[in-house]
Amino acid sequence: MKFGSYKIDLEIQLFDRNLIKLSLATTADFFEIKHFLKQHKESRANRSDLIYIVRYHTRLIGLARLVQMRDTIESQYWLRGLFIETDFRQRRLATHLLDLMNSDLKSRHNKFEIFAFPYVHLKQFYEENSFHSIRLSDLPLSLQNTYRNALKQGENWLCMRFIHSMNPTQKT
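Structure report, in brief. (Residues numbered from 1 in each chain as written. Predicted model: local features only at pLDDT ≥ 70, side-chain atom pairs only at ≥ 80, totals over all residues. Heavy atoms only, no water.)

For the rest of this paragraph, the subject is the pattern of salt bridges. Overall, the coordinates contain 8 salt bridges when judged by the stated rule. Linking Arg 55 and Glu 32 is a salt bridge whose minimum nitrogen-to-oxygen distance equals 2.8 Å. With Arg 55 in strand β2 (residues 50–56) and Glu 32 in helix α2 (residues 30–39), this pair connects stretches of sequence that are 23 residues apart. Using a relative accessible area of 13% as the deciding quantity, one classes Arg 55 as buried. In this structure Glu 32 comes out as partly exposed when scored by relative accessible area, which is 31%. Across the salt bridge formed by Asp 104 and Arg 108, the nearest N and O atoms sit 3.0 Å from each other. (Salt bridge = Lys/Arg side-chain N within 4 Å of Asp/Glu carboxyl O. Helix = DSSP H or I, 4+ residues; strand = E, 2+ residues; numbered from the N terminus. Buried < 20%, exposed > 50% of the residue type's maximum accessible area, 1.4 Å probe, protein only.)

Structural data, given as structure tokens:
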């Protein structure tokens, strides 16, 4: 039994990158996403959310979830969750999901903003992925309320933003 457990751990450490698939979730993925979020005690997704998923073989192992802000301009989003299963962390999969997300949003908008509330221990990861700390007053009003309520409940969140703005000399 111990040898078998070692073999599984070794397979996870040395997984074949060709078996990893990142994509924008479809409606066909929604039931599996709901189950995944519930299993990992994450908040529920809505069908209107943009969800980017990562699979190992056919198994869902992570996702990034964007909520479009309704009280602001069209191109503002809240990164409501970025989650990779524990056994698959430290392999840059979250960074690849953020890259896919940004690429997709660049195809939709010339300019967009993504707000995120990462835990303090994830500050360096988000900074490495071009997010910057901002003041509470820089958030859309609905997110200001969300952030304040989370702080009141003892959450240890940062307030960060990613901005993409295509200048006139850039091409898509």
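This part covers α2. Turning to α2, its buried residues number three or more, namely Phe 30, Ile 33, Phe 36 and Leu 37. Projected down its long axis, α2 shows its buried positions confined to an angular sector of 120 degrees, all on one face. Turned more than 90 degrees off the buried face of α2, the exposed positions are Phe 31, Lys 38 and Gln 39. Considering only its buried residues, α2 is in contact with β2, β3 (59–68) and β4 (76–84). Phi turns positive one or two residues past the end of α2, at Lys 41, with a value near 55 degrees. (Arc of directions from axis to C-beta. Contact = heavy atoms within 4.5 Å.)

On to the environment of Leu 93, then. Positionally, Leu 93 belongs in helix α3 (residues 93–108). Look at Leu 93 and you get buried, because its relative accessible area is 3%. Along the primary structure Leu 93 and Val 54 are separated by 39 residues, whereas in three dimensions their C-alpha atoms are 7.7 Å apart. Excluding residues within four positions of it along the chain, Leu 93 makes contact with Ile 20, Leu 22, Val 54, Ile 61, Ile 84 and Phe 88.

This part is about the layout of surface pockets. Its boundaries defined by the atoms lining it, the largest pocket holds a volume of some 1,000 Å³. Forming the boundary of the largest pocket are 33 residues, of which Leu 82, Phe 83, Ile 84, Leu 122 and Tyr 126 lie nearest the centre. Where the lining of the largest pocket is concerned, the elements lending two or more residues are β3, β4, α3 and α4 (123–128). Looking at the lining of the largest pocket element by element, the count peaks at 7 residues for β4. For the lining of the largest pocket, the class distribution of residues is 18 nonpolar, 6 polar and 9 charged. (1 Å grid on protein atoms, 1.4 Å probe; cavity = no way out; pocket = protein on both sides within 12 Å on 5 of 7 lines; lining within 4 Å. Points joined across faces, edges and corners; volume = space filled by probe spheres on them. Nonpolar A, V, L, I, M, F, W, Y, C, P; charged D, E, K, R; others polar.)

A few words on the environment of Arg 59. Note on placement: Arg 59 falls in strand β3. Assessed through its relative accessible area of 40%, Arg 59 is described here as partly exposed. For the pair Arg 59 and Glu 32, spaced 27 residues apart in the sequence, the C-alpha separation amounts to 9.7 Å. Among residues more than four places away in sequence, those in contact with Arg 59 are Val 54, Glu 85 and Phe 88.

Here we come to the side chain of Gln 76. Tracing the backbone through its elements, the reader meets Gln 76 in strand β4. For Gln 76, the side chain forms a polar contact with the side chain of Glu 113, separated by 2.4 Å. Excluding residues within four positions of it along the chain, Gln 76 makes contact with Val 67, Gln 68, Met 69, Glu 113, Phe 115 and Pro 140. (Polar contact = N/O pair within 3.5 Å; in protein donor to acceptor, adjacent residues only side chain to side chain.)

A separate point is the environment of Ala 45. One can find Ala 45 in the loop between α2 and β2. Separated by 15 residues in sequence, Ala 45 and Phe 30 have C-alpha atoms that sit 8.5 Å apart.

With that out of the way, let us pick up a positive patch on the surface. On the surface, Lys 34, Lys 38, Arg 44 and Arg 47 cluster together to form a positively charged patch. Within the secondary structure, Arg 44 sits in the loop between α2 and β2. By relative accessible area, which is 76% here, Arg 44 ends up exposed. (Patch = residues over 30% accessible without salt bridge, like charges linked within 9 Å, V, L, I, M, F, W, Y side chains within 5 Å. Areas by Shrake-Rupley, 256 points an atom, 1.4 Å probe, with all protein chains shown as cover. Lys, Arg positive; Asp, Glu negative; His and termini not counted. Charge placed at Lys NZ, Arg CZ, Asp CG, Glu CD.)

This is a description of form; function is not addressed.
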